[in-house]
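Coordinates in review
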Amino acid sequence: MMEAGRVKHHLANSISSPRNTVLAVGYCSPMTLGARILRGDKEVSIFGTVYPVKADVERIDSYSGHADYSEMINFLGCQDKTGVKKLILVHGEYSAAQSFGEKLKESGFGEVVIPEWGEVVVGSEEVMSNE
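What comes next concerns the included structure. Note that this is a predicted model, so its numbers are computed, not measured.

Conventions adopted
Residues numbered from 1 in each chain as written. Predicted model: local features only at pLDDT ≥ 70, side-chain atom pairs only at ≥ 80, totals over all residues. Heavy atoms only, no water. Buried < 20%, exposed > 50% of the residue type's maximum accessible area, 1.4 Å probe, protein only. Helix = DSSP H or I, 4+ residues; strand = E, 2+ residues; numbered from the N terminus. Pairing = 2+ DSSP bridges. Salt bridge = Lys/Arg side-chain N within 4 Å of Asp/Glu carboxyl O. Contact = heavy atoms within 4.5 Å. Expected span 1.5 Å × (residues − 1). Arc of directions from axis to C-beta. Core = buried A, V, L, I, M, F, W, Y, C linked by side-chain atoms within 4.5 Å.

**As for the pairing of strand β2 (residues 43-46)**
What you see with β2 is a clean split: Val44 and Ile46 sit on the buried side and Glu43 and Ser45 on the side with no burial. Alignment of β2 against strand β3 (residues 49-52), held across four bridges, turns out to be antiparallel. The residue bridging glutamate 43 from the neighbouring strand is proline 52, located in β3. Linking β2 to β3, which pair antiparallel, is a turn of two residues; within it phenylalanine 47 sits at a positive phi near 55 degrees.

**A look at the pattern of salt bridges**
Within the structure shown, the criterion is met by two salt bridges. Across the pair aspartate 41 and arginine 39 runs a salt bridge whose closest N-O atoms are separated by 2.9 Å. In this structure, the salt-bridge partner of glutamate 102 is lysine 105, at a minimum N-O distance of 3.9 Å. Within this pair, glutamate 102 and its partner lysine 105 are both found in helix α4 (residues 94-106), separated by three residues, close to a single helical turn. A relative accessible area of 39% means that lysine 105 is categorised as partly exposed.

**Let's talk about the environment of serine 45**
Tracing the backbone shows serine 45 in strand β2. Linking serine 45 and leucine 33, residues twelve residues apart in sequence, is a C-alpha distance of 8.1 Å. Ignoring anything within four residues of it in the chain, the contact list for serine 45 reads Leu33, Arg36 and Val50.

**Some words on helix α1 (residues 6-14)**
Listed in full, the buried residues belonging to α1 are Lys8, Leu11, Ala12 and Ser14. Those residues of α1 that are buried lie in contact with β1 (21-25), α2 (33-38), β2 and β3.

**Re α4**
The end-to-end C-alpha separation of α4 is 18 Å, in line with the 18 Å expected for 13 residues at 1.5 Å each. Every buried residue belonging to α4 is among Ala97, Phe100, Gly101 and Leu104, and all of these are buried. Buried positions in α4, seen along its axis, are confined to an arc of 105 degrees and lie on one side of it. Elements that come into contact with the buried residues of α4 comprise α3 (69-76), β5 (86-88) and β6 (111-113). Phi turns positive one or two residues past the end of α4, at glycine 108, with a value near 115 degrees.

**Observations concerning the nonpolar core**
Judged by nonpolar contacts, the single largest core of 13 residues is most densely connected at Met2, Leu11, Ile15, Leu33, Ile37, Val44 and Ile46. Every element with two or more residues in this core is listed here: α1, β1, α2 and β2. Counting nine residues, the second largest nonpolar core, distinct from the first, contains Ile73, Leu76, Leu89 and Ala97.

**Focus on the environment of isoleucine 73**
Summarising the element assignment, isoleucine 73 is placed in helix α3. For isoleucine 73, a relative accessible area of 17% gives the class buried. Between the alpha carbons of isoleucine 73 and leucine 104 there is a distance of 6.8 Å; along the sequence they are 31 residues apart. Setting aside chain neighbours within four positions, we find isoleucine 73 in contact with Phe100, Lys103, Leu104 and Ser107.

Below you can see the structure in the form of structure tokens.
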């Protein structure tokens, strides 16, 4: 996503030089800095400063730092599924979270909650609107 941490500093220091290459691995959500760079925007704002994108931009789609649903279910397999009252999915695209939630239910987990944008989870009891 290129949205937080050291990568933003690295980009700020290197994205304007045609001698550099920015290599993106995995998925970037459409509204992120990484997506803007990958779609070919000629300028990007990093820490409030606009930088021309002159570096070569490349991508590898076959690598991801995220586990797929079967790996995540396997990871959660050490839990007593009857003791897990609620799973709250807060990462990823909504449609992918819905699919993952269904897989979790099929594998024996009970309630799976996917908060809407702006909702706040208070403890494990309820999801509340942020309005």
